[in-house]
Amino acid sequence: GGVVNGLSFSEWKAPDGSITLQVPQGWTAVEKQADKCTVNWAARNPAGTSSAFMNNQIMVLKSEDARQMYASYGIAAAASAPISGYLGAEQALSGVVAPLSGSSDVKIVYRDAQSSSVYSQGVCIAGLAACDAQVFEVAYTHAGVQMRGMYMVQSFDFGEGTTWWISIWGYEAPAAEWGSTNAVLQKTFASVSYTPDWASKCGTAASAANVIREVIIDRQNAADRSAQAWDAYIRGG
């Protein structure tokens, strides 16, 4: 519940009973189960221009041979999966995620070292062959519109030879609307909560909600520094 920037919020519960969100009036929310303990979700404004979301387990193939192998297994996702060697979080966003979404001209506006440390400790678990987890704000272009986004990006590799993965959580809006929309997006993004039944089955996945809350607290503490960095970017500083 509550009201932010004139918008009232109400609780939305995923149809599969996995998560709840606080969603602004008039916005739509959707979720898709990636596997038994991973849920992707998004909440979007009526115009579809602003959103808060979690998008987990974007598969990246390491070679064209890997694509052919997965295709031979009948895995449909292989046909559209990007091909790239392993990249760190920032490079994964600009080199893989942005092209997949039709975005371009990605520029890092502000790097949040403190929040990145919290995020990294929460998601770069033991046993991964490679992992990079960063929190940063970006400016980019999508469909001719200047956009701004705050992202928590994790790139990770289990170490087997054919694939690596990207998770991207965050919120984004047209740059011209960022000032009026940021608080709404942040409340929605920070409100995700796994239901008790889901948490009991999927403790590791459920801990993601706690990571989000910790990062949001750090983000709020860093808000002034972030705003200054954005102002400098707009001025060309």
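Please refer to the structure placed before this passage.
The notes below deal with the structure included here.

Conventions adopted
Residues numbered from 1 in each chain as written. Predicted model: local features only at pLDDT ≥ 70, side-chain atom pairs only at ≥ 80, totals over all residues. Heavy atoms only, no water. Helix = DSSP H or I, 4+ residues; strand = E, 2+ residues; numbered from the N terminus. Buried < 20%, exposed > 50% of the residue type's maximum accessible area, 1.4 Å probe, protein only. Contact = heavy atoms within 4.5 Å. Areas by Shrake-Rupley, 256 points an atom, 1.4 Å probe, with all protein chains shown as cover. Lys, Arg positive; Asp, Glu negative; His and termini not counted. Charge placed at Lys NZ, Arg CZ, Asp CG, Glu CD. Polar contact = N/O pair within 3.5 Å; in protein donor to acceptor, adjacent residues only side chain to side chain. Core = buried A, V, L, I, M, F, W, Y, C linked by side-chain atoms within 4.5 Å. Salt bridge = Lys/Arg side-chain N within 4 Å of Asp/Glu carboxyl O. Disulfide = S-S within 2.5 Å. Pairing = 2+ DSSP bridges. Phe/Tyr/Trp six-rings, centres within 6.5 Å; stacked < 30°, edge-to-face > 60°.

## Describing the overall build of the chain
Within the chain, the regular secondary structure consists of seven helices and eleven strands. Over its C-alpha atoms, taken along the principal directions, the chain stretches across nearly 50 × 45 × 35 Å. When burial is assessed residue by residue, the chain has 49% of its 237 residues classed as buried. Put simply, 54% of the contacts in the chain that link residues at least 6 apart link residues at least 24 apart. Working note: accessible area of the chain is about 11000 Å², and carbon and sulfur atoms make up 51% of it. Charged side chains in the chain number 15 positive and 20 negative. The centres of these two groups are separated by 2 Å.

## Remarks on the environment of S103
Residue position: S103 is located in strand β7 (residues 103-111). Once the C-alpha coordinates of S103 and Q146 are considered, the two residues, 43 residues apart in sequence, prove to be 10.0 Å apart. If we ignore the near neighbours within four places in the chain, the residues touching S103 are A98, Y140, T141 and H142. A distance of 3.1 Å separates polar atoms of two side chains, one belonging to S103 and the other to H142.

## Some words on the nonpolar core
Y119, M152 and F189 are the most contacted members of the largest nonpolar core, which has 36 residues in total. When residues of this core are assigned to their parent elements, the largest contribution, five residues, is made by helix α4 (residues 178-190). Core analysis: the next-biggest nonpolar cluster, separate from the first, contains 18 residues, I58, A89, F136 and I166 among them.

## Some words on the pattern of salt bridges
What the rule picks out here adds up to four salt bridges. Notably, a salt bridge pairs K62 with D157, separated by 2.9 Å at the nearest N-O pair. Placement of the pair is K62 in the loop between β6 (51-61) and α1 (64-72) and D157 in strand β9 (residues 145-157), with a sequence separation of 95 residues. A relative accessible area of 8% places D157 in the buried class. We note a salt bridge from E137 to R148, for which the minimum N-O separation is 2.5 Å. Taken as a pair, E137 in strand β8 (residues 130-142) and R148 in strand β9 lie far apart in primary sequence, eleven residues in all.

## Quick look at helix α2 (residues 89-101)
For α2, the full list of buried residues reads A89, E90, A92, L93, V96, V97 and A98. Following α2 by one or two positions, G102 adopts a phi angle in the positive range, close to 80 degrees.

## Some remarks on the environment of V23
You can see V23 is positioned in strand β3 (residues 19-24). Exposure remark for V23: the relative accessible area of 6% places this residue in the buried category. Sequence spacing of V23 and A183 is 160 residues, and the spatial spacing of their C-alpha atoms is 13 Å. Those residues in contact with V23 that lie beyond four places of it in its chain are S8, F9, S10, W12 and A29.

## Some remarks on the state of the cysteines
Here the structure, examined in full by the defined rule, presents one disulfide. Each sulfur in the disulfide pair C124 and C131 lies 2.0 Å from the other. In this structure, the disulfide formed by C124 and C131 twists by about -75 degrees around the S-S bond and is classed as left-handed. Using a relative accessible area of 23% as the deciding quantity, one classes C124 as partly exposed.

## Structural notes on the pairing of strand β5 (residues 38-44)
Within β5, six of the seven residues are buried, leaving the element largely enclosed by the surrounding structure. Where β5 folds back onto β6 in an antiparallel hairpin, the turn is made up of six residues, including G48, whose phi is positive at roughly 75 degrees.

## Observations concerning the packing of aromatic side chains
Scanning the model with the defined rule gives eight aromatic pairs in all. An angle of 40 degrees between the planes, with centres 6.4 Å apart, marks the rings of W41 and F189 as tilted. Here W41 is found in strand β5, whereas its partner F189 is found in helix α4, with 148 residues between them in sequence. With respect to burial, W41 and F189 carry one shared label: buried.

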